[in-house]
Amino acid sequence: MSATEMLKTPLYGLHLELGAKITPFAGYDMPVNYPGGIIAEHRHCRESAALFDVSHMGQVRLVGSDAAKALESLVPVDVVDLEPGRQRYGFFTNSAGGILDDLMITRRENDLLLVVNAACKVADIRHLVTHIGHRCNVQPLPERALLALQGPKAVAALAALNPGVRNLTFMTGAAFELNGSDCFVTRSGYTGEDGFEISVAAEQAEALARALLARPEVKPAGLGARDTLRLEAGLCLYGHDINETTTPVEAALTWAIQKVRRAGGARAGGYPGASVIDGQLATGPVTKRVGLLGLERVPVREGAKITDSHGRALGHVTSGTLSPTVNHPIAMAYLAANHALLSHEVYADVRGKKQPMRVSTLPFAPHRYFRG
């Protein structure tokens, strides 16, 4: 895709005004960082409140009495029992149990609201229409923008526009008026911090962003900080840590598969790849996603090969950075399951030099979600 064909979010003009460094991402011109830099934005999110433009992501409504049951035919997640105002993480699977995309599902009074990844949204919508379009109405929402306000002071900043948002807890959502705009707000995010994701009409997104940025707690943050924050939080990035060849069991996402959808459950199976996933749940996977903590200061990046002390191949790194919070190199990797043991020492190949790393618990930085 040439630069002239790149899509732009409704906040593109504001990003330029704020001095953002723009880069192509998932077909969009997106801000990587602002003049203060990625580390400053990262730290501001951990200490105060950061505003991210995530309008490139796909928002989709599923409407109809059969929508929840229909969606369960595509995801290994309990959607039917999800109560109005509650949100759940899930993933579309293929016949081999691989992950086509991960997504957020929110039950509202009259529909299900899905938020899917930007790079996958065209394929996801096609997947929904093809497989369940005859059972419910699949309505993409390109006229909606999406803002993420994240950090310990996010609630104070958003409550200044509408105090009602304080009543939300982690993974719940409701409709609110913010800055004169009708918005749908969930208390969720991708940083490990307390925070909110705000769906707003595209033409009202810039005014809302400016109202939030006028708050003393809030500064803008780009995709660079979003990536380092989510990595510290141990959260997967689609196309890197999970893809169509990794199963939810290998990816250590089994917490997102409720008992009712597992073998022996009331609505077990019935989604693509169920036999593969149930088999791995029963016997364990051959490879497994783990956290790695670097024992030296050299950052270890995506693609680095992981070996044992004798040079035998064990796996590969899928995401890595020098963590601003932990002040060490951190990474996520897929390792042979028999080596994916806590505190097990392994080696990452960085430009031909073996860098020692230790298998670590995830997340690297503690989650600080507001559960009430």
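Here the residue numbers are simple positions, counted from 1 along each chain's written sequence. The model is predicted, so local features are restricted to residues of pLDDT at least 70 and side-chain atom pairs to those at 80 or more, both for listing and for counting; the totals for chains, interfaces and linings are taken over all residues. Hydrogen atoms and water are omitted, and side-chain values are computed over all heavy atoms in the structure.

To continue, consider helix α8 (residues 274-283). All of the buried residues in α8 are Ala274, Ile277, Asp278 and Gln280. The arc enclosing the buried residues of α8, seen along the axis, measures out at 160 degrees, which places them on a common side. Facing away from the buried side of α8, by more than 90 degrees, are the exposed residues Ser275, Ala282 and Thr283. The inward-facing, buried residues of α8 contact β6 (87-93). One or two steps after α8, the chain reaches glycine 284, where phi turns positive at roughly 90 degrees. Each residue gets one of three labels from its accessible area relative to the maximum for its type: buried under 20%, exposed over 50%, partly exposed in between, using a 1.4 Å probe on protein chains only. Going along the chain from the N terminus, every DSSP run of H or I of four or more residues is numbered as a helix, and every run of E of two or more is numbered as a strand. Comment: arc refers to directions from the helix axis out to C-beta atoms. Here, two residues are considered to be in contact whenever any of their heavy atoms come within 4.5 Å of each other.

Before going further, it helps to spend a moment on unusual backbone geometry. The omega torsion of the bond from leucine 362 to proline 363 falls at 0 degrees, within 30 degrees of zero and hence cis. Among the structural elements, proline 363 can be located in the segment after β20 (353-360). In this structure, asparagine 179 is a non-glycine residue whose phi angle is positive, near 55 degrees. Positionally, asparagine 179 belongs in the loop between β11 (173-178) and β12 (181-186). Accessibility expressed as a relative area gives 39% for asparagine 179, which makes it partly exposed.

Turning our eyes to something else, we now look at the packing of helix α2 (residues 38-47) against helix α7 (residues 223-232). One way to put it is that α2 packs onto α7 with a least axis distance of 8 Å and a crossing angle of 55 degrees. In this view, α2 runs oblique relative to α7, as classed from their interaxial angle. Crossing handedness for the pair α2 and α7: right-handed. Judged by residue contacts, Ile38, Glu41, His42, Cys45 and Arg46 of α2 engage Gly224, Ala225, Thr228, Leu229 and Glu232 from α7. Inter-axis angles, ranging from 0 to 180 degrees, are taken between N-to-C directions of lines fitted to C-alpha atoms, where helices are fitted over the stretch in contact. Angles are sorted into four bins: roughly parallel if under 35 degrees, roughly antiparallel if over 145, roughly perpendicular if 65 to 115, and oblique for all others. What makes a crossing left-handed is the near helix being turned counterclockwise from the far one by less than a right angle; a clockwise turn instead makes it right-handed.

Side chains that carry opposite charge are capable of pairing whenever their charged atoms lie near each other. Salt bridge criterion: a side-chain nitrogen from Lys or Arg within 4 Å of a carboxyl oxygen from Asp or Glu. Under the defined criterion, the tally for this structure stands at 20 salt bridges. For the salt bridge of aspartate 194 with arginine 187, the shortest nitrogen-to-oxygen distance reads 2.7 Å. Across the pair, arginine 187 and aspartate 194 agree in class, each one buried. For the salt bridge of arginine 368 with glutamate 193, the shortest nitrogen-to-oxygen distance reads 3.0 Å.

Our next topic: the sheet that holds strand β19 (residues 345-350). Two strands qualify as a pair provided DSSP detects at least 2 bridges between them. If you walk around this closed barrel you meet the 6 strands as β15-β18-β17-β16-β19-β20, and the pairing is antiparallel. The sheet shows a mean angle of 40 degrees between the axes of neighbouring strands, taken without regard to direction. Alignment of strand β15 (residues 287-294) against β20, held across 4 bridges, turns out to be antiparallel. When the sheet's bridge partners are listed, glycine 294 is paired in β20 with methionine 357. In the packing of α7 onto the sheet, the strands contacted are β17 (313-322) and β18 (329-336), and the crossing angle to β17 comes to about 125 degrees.

Before going further, it helps to examine the pairing of β18. Most of β18 sits inside the fold, with 7 of its 8 residues counted as buried. Where β15 and β18 come together, 7 bridges link them in antiparallel fashion. When the bridges of β18 are listed, lysine 288 appears paired with leucine 335. Where β17 meets β18, 7 bridges bridge the pair, whose relative direction is antiparallel. When the sheet's bridge partners are listed, threonine 321 is paired in β18 with isoleucine 330. The antiparallel hairpin formed by β17 and β18 contains 6 residues in its connecting segment, where asparagine 327 sits at a positive phi of about 65 degrees.

Once that is clear, we can look at the packing of aromatic side chains. Two aromatic rings, taken as a pair, are described by how far apart their centres are and by the angle between their planes. Between the rings of Phe, Tyr and Trp (Trp by its six-membered ring), a pair exists once the centres lie within 6.5 Å; its type follows the angle of the planes, with under 30 degrees stacked, over 60 edge-to-face, and the other angles tilted. Per the counting criterion, the structure on display carries 3 aromatic pairs. Here the aromatic rings of tyrosine 89 and tryptophan 255 are separated by 5.4 Å at their centres, their planes lie at 20 degrees, and the arrangement is stacked. A residue pair is termed long-range when its members are at least 10 positions apart, and tyrosine 89 in strand β6 and tryptophan 255 in the loop between α7 and α8 qualify at 166 residues. A ring pair is formed by phenylalanine 170 and tyrosine 369, whose centres lie 3.9 Å apart and whose planes are at 5 degrees; its orientation type is stacked. A residue pair is termed long-range when its members are at least 10 positions apart, and phenylalanine 170 in the loop between α5 (154-159) and β11 and tyrosine 369 in the segment after β20 qualify at 199 residues. Assigned by exposure class, phenylalanine 170 and tyrosine 369 land together as buried. Among the aromatic side chains, those forming a connected cluster through ring pairs are Tyr89, Phe91 and Trp255. The ring of phenylalanine 184 carries the charged tip of arginine 108 above its face, separated from the ring centre by 4.8 Å. Only when the NZ atom of a Lys or the CZ atom of an Arg is both within 6 Å of the ring centre and within 35 degrees of the ring normal do we say a charge sits over the ring.

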